[in-house]
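Chains, contacts and geometry: an overview
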Amino acid sequence: MAAEVIGLPIEEILGRTNRELGRPAGLALWESTLRRVLDTGVQAEHGSMHDDGTGKLYVNSRLAPIIDEDGVVSGVLAASRDMTDRRLAEDALEQLERVPTIVSVLFLDLDRFKVVNDSLGHAAGDALLEEVASRLSATVRRGDTIARPGGDEFVVLCENLASDDVIRELAERIESALAVPFVVDGHEVSIGAS
């Protein structure tokens, strides 16, 4: 991760400080956290944001003192973790809180899937699941999210809905799309969804 944040190959980073790498940005805050750990012998955390040229990276570092047998802090162990995905998710949630919107989650459980799986085999069941996913993708809006948590269950996340009527219409379109028989391994299969 350090190579991503700094933008240099790992071989050029090992054993060198930020100052030696010519990276003074944020160095004062990092050094103050480092100094606090060295002076107090107490673990501390440091959060920072970097721009690697392709976008922002958010990094959280935990600094722990290395204490020798005489009880003296002889060094500091730093472990960093990329928090970019978490930070972006938090920002998105904050954005949702600021903008009035309707968010809906549809949970779908396929009817009669077990019968198909048991009578035609698991390969046919897998093919049916792929066809269901394809129909769902063609039915929902472009920005909606479809997930299959497992088995014969699907979840559809719909954000930025104008009204409750939109989700009702979407649920009806999904129900209609899944009511049309599927052809799996040359067999016509009818399922639905609860």
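Residue positions are given per chain, counted from 1 along the sequence in the order it is written. Totals for whole chains, interfaces and linings use every residue, but because this is a predicted model, local features are given only for residues with pLDDT of at least 70 and side-chain atom pairs only at 80 or more, for both listing and counting. Just so you know, side-chain values use all the structure's heavy atoms and leave hydrogens and water out.

Concerning the overall build of the chain
Per the convention used, a helix needs a DSSP run of H or I reaching at least four residues, while a strand needs a run of E reaching at least two, with both numbered from the N terminus. Along the chain, the regular secondary structure elements total seven helices and nine strands. Within the chain, buried positions represent 26% of all 194 residues. Residue contacts are defined here by distance: any two heavy atoms, one from each residue, within 4.5 Å place the two residues in contact. If you take every contact in the chain between residues at least 6 apart in sequence, the share linking residues at least 24 apart comes to 49%. Calculation of accessible area relied on Shrake-Rupley with a 1.4 Å probe; when residues are assessed, cover is drawn exclusively from the protein chains displayed. Carbon and sulfur atoms form 52% of the exposed surface of the chain, whose accessible area is close to 12500 Å². Residue exposure (1.4 Å probe, protein chains only): buried if accessible area is under 20% of the type maximum, exposed if over 50%, otherwise partly exposed.

Regarding the pattern of salt bridges
A pair can form between side chains of opposite charge whenever their charged atoms are brought close. Salt-bridge detection follows one rule: a side-chain nitrogen of Lys or Arg within 4 Å of a carboxyl oxygen of Asp or Glu. Tallied over the entire structure, the rule returns five salt bridges. Between Arg62 and Glu45 there is a salt bridge, and its shortest N-O distance comes to 2.7 Å. With Arg62 in strand E2 (residues 56–67) and Glu45 in strand E1 (residues 44–51), this pair connects stretches of sequence that are 17 residues apart. For Arg62, a relative accessible area of 42% gives the class partly exposed. When its relative accessible area of 42% is taken as the criterion, Glu45 is described as partly exposed. One salt bridge in this structure joins Arg168 and Asp165, with 2.8 Å as the shortest N-O distance. Of this pair, Arg168 and Asp165 both sit in helix H7 (residues 164–179), three residues apart, roughly one helical turn.

Quick word on the sheet that holds strand E9 (residues 192–193)
In sheet architecture, strand pairing relies on hydrogen bonds along the backbone and comes in two forms, parallel and antiparallel. Between any two strands, pairing holds if DSSP finds at least two bridges. Reading across from one edge, E5-E6-E4-E9 is the order of the four strands in this open sheet, with antiparallel pairing throughout. Edge positions in the sheet fall to strand E5 (145–150) and E9, since each of these pairs with one other strand and no more. Helix axes use the C-alpha atoms of the stretch in contact, all axes being lines fitted to C-alpha atoms, and the angles between their N-to-C directions lie in the range 0 to 180 degrees. Relative to the sheet, H7 contacts strand E4 (102–111), strand E6 (153–161) and E9, its axis offset from that of E4 by approximately 20°.

With respect to the nonpolar core
Among the nonpolar cores identified, the biggest contains 23 residues, and Leu110, Leu128, Val132, Ile174 and Ile191 are the most heavily contacted of them. Elements represented by at least two residues in this core include exactly E4, helix H5 (113–120), helix H6 (122–139), E6, H7 and strand E7 (182–184). Considering every element that reaches this core, the biggest residue donor is H6, with five residues. Those residues in contact with Ile174, other than ones at most four positions away along the chain, are Leu106, Leu108, Leu136, Thr139, Val140 and Val156. As used here, the term nonpolar core means buried Ala, Val, Leu, Ile, Met, Phe, Trp, Tyr and Cys residues forming a set that is joined through side-chain atoms within 4.5 Å.

Points about the pairing of E6
One ladder, built from seven bridges, connects E4 with E6; its direction is antiparallel. Bridge pairing in E6 links Ser104 to Cys158. For E5 and E6, the ladder comprises four bridges, and the chain directions are antiparallel. Along E6, the bridge assignment pairs Ile146 with Val156. If you look at the hairpin formed by E5 and E6, you'll find two residues sitting between the two strands, and Gly151 has a positive phi there, around 55°.

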